[in-house]
Amino acid sequence: MPETYAVSVSVVPAEVLPSGTKAVQTASVRVHVTRNGEPALATGVQLGLEAVSNPGHAHAAAGGGAVCAGYLALPVCVTDNGGNCEVTYQAAQAAATVKITAELAGHAGVKGEATVQVKVNLGSFASSGNGYVFEGQVANHGGNTYGAGNLVSAGAAIAQRYADYVADLSPEQQAGVATRLRFTDASLEWGGLYDIYSTWGPPHSYHRYGRDLDIAVVGRDSAGNLAGVRIESLRIAMREVLHAEVQSSVFPLSGGILNEGDHYHIRVLEVGGGE
Ligand SMILES: [Zn+2]
């Protein structure tokens with residue numbers, strides 16, 4: 001009687017966060033092999049990974065390797081008495097849809113496959129709102145307007161406070177002040193690695209989980225630089241607005257109100273705790 005093998009694969013969970021600069025995210029790849037309908041024990045299985053797509057990135061995955069697809073702890077596994085074996089998958093740093101294949105050793109073509117999604121579920125800023133405009137286009141990456149719900153609401157509220165701040169100034173003071181904030185660089189559509197130079201690597205160690213946002217002011221001088229007077233007005237406003245927010249605990253802004261010279265970088269806490 002000929003032997004008929006079958007291989008099935010599942011990934012638990014089927015959706016996992018991207019690995020980041022600090023934390024590694026994992027899922028369990030579970031393989032089940034049968035021979036003539038019964039569990040096939042002591043059977044070798046060859047595993048493989050492929051990034052089917054990297055949502056948010058419009059540039060080629062070539063050279064991206066594990067950054068795009070992730071890793072398997074081992075490339076093979078051997079089934080136990082129940083016909084099962086298991087390998088740990090380490091999530092890619094980039095957002096990805098990854099196909100995982102399991103092929104029976106010595107039985108070419110007898111295989112199963114499963115898909116895991118590497119993503120952060122995010123909302124999006126509008127392209128503009130009261131007190132802000134979002135400069136959301138970035139080469140090879142579609143949009144960078146994506147953020148967690150608490151980041152989107154914090155950004156909108158800060159812009160509203162800035163608009164109120166400007167409205168309260170005298171006409172003379174308003175002449176030297178930018179009327180709107182300029183938001184840039186939240187996160188990509190599915191979050192994960194945000195490689196602004198399309199290199200599948202830093203810079204931008206942050207901006208991965210929809211918790212980061214860069215805030216500057218609208219307006220540049222003829223050389224393309226943000227005008228000093230406007231930056232100074234932003235500093236004053238940010239000091240008033242952001243510190244008021246922190247003290248009132250309206251928004252879960254962590255220690256991340258960073259002055260980065262020509263812009264501020266804010267970070268909200270992860271919902272439900274975290275750094
Ligand atoms: Zn990219």
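This structure is a prediction, so every number in the text was calculated from the model and none was measured.

Rules behind the numbers
- Residues numbered from 1 in each chain as written.
- Predicted model: local features only at pLDDT ≥ 70, side-chain atom pairs only at ≥ 80, totals over all residues.
- Helix = DSSP H or I, 4+ residues; strand = E, 2+ residues; numbered from the N terminus.
- Buried ≥ 20, exposed ≤ 12 C-beta atoms within 10 Å, placed from the backbone.
- Contact = placed C-beta atoms within 7 Å.
- Pairing = 2+ DSSP bridges.
- Core = buried A, V, L, I, M, F, W, Y, C linked by C-beta atoms within 7 Å.
- Domains from an automatic or database assignment.

A. Expanded view of the overall build of the protein chain. Looking only at helices and strands, one finds 4 helices and 18 strands in the protein chain. The buried share of the protein chain, taken over its 275 residues, is 36%. A sequence separation of at least 24 residues applies to 69% of the contacts in the protein chain between residues at least 6 apart.

B. Fine view of the environment of Ala157. One can find Ala157 in helix H2 (residues 149–167). In this structure the C-alpha to C-alpha distance between Ala157 and Gly131, which are 26 residues apart in sequence, comes to 9.1 Å.

C. Looking closely at the sheet that holds strand S7 (residues 76–78). The 5 strands are arranged S2-S10-S9-S5-S7 in an open sheet whose pairing can be described as mixed. In the strand order of this sheet, the two ends are held by strand S2 (15–16) and S7, each with one partner. Pairing of S2 with strand S10 (residues 111–118), which is carried by 2 bridges, proceeds in the parallel orientation. Along S10, the bridge assignment pairs Val16 with Val118.

D. Spotlight on unusual backbone geometry. The amide bond that connects Val12 to the next residue, Pro13, takes the cis arrangement and shows omega of -5°. Even without being a glycine, Ala42 presents a positive backbone phi close to 50°. Along the polypeptide, Ala42 turns up in the loop between strand S4 (38–39) and strand S5 (44–53). Non-glycine residue Trp200 carries a positive phi angle of around 60°. Relative to the elements of secondary structure, Trp200 occurs in the loop between strand S15 (181–184) and strand S16 (212–217).

E. Representation of the nonpolar core. Counting residues in hydrophobic clusters, the biggest one holds 59 residues, and the most contacted among them are Val31, Val45, Ala92, Ala96 and Val98. The greatest single-element share of this core, amounting to 6 residues, is contributed by H2. Residues from two domains meet in this core; each of domain 1 (5–118) and domain 2 (123–268) gives at least three. If we ignore the near neighbours within four places in the chain, the residues touching Val45 are Val7, Val31, Val33, Val76, Cys77, Thr79, Cys85, Ala102, Glu103, Leu104 and Ala105.

F. Quick peek at the pairing of strand S9 (residues 96–104). Burial of the side chains of S9 is restricted to one face: Ala96, Val98, Ile100, Ala102 and Leu104 are buried, whereas none of Thr97, Lys99, Thr101 and Glu103 on the reverse face is. The pairing of S5 with S9 spans 8 bridges and is classified as antiparallel. From the neighbouring strand, Leu49 faces S9, where its bridge partner is Ile100. Across 8 bridges, the pairing between S9 and S10 is antiparallel. When the sheet's bridge partners are listed, Lys99 is paired in S10 with Thr115. Hairpin connection from S9 to S10: 6 residues lie between these consecutive antiparallel strands, with Gly106 at a positive phi of about 80°.

G. The arrangement of the environment of Gly64 in detail. Relative to the helices and strands, Gly64 resides in the loop between S5 and helix H1 (66–69). Discounting residues that sit within four places of it in the chain, Gly64 has contacts with Ala94 and Trp200.

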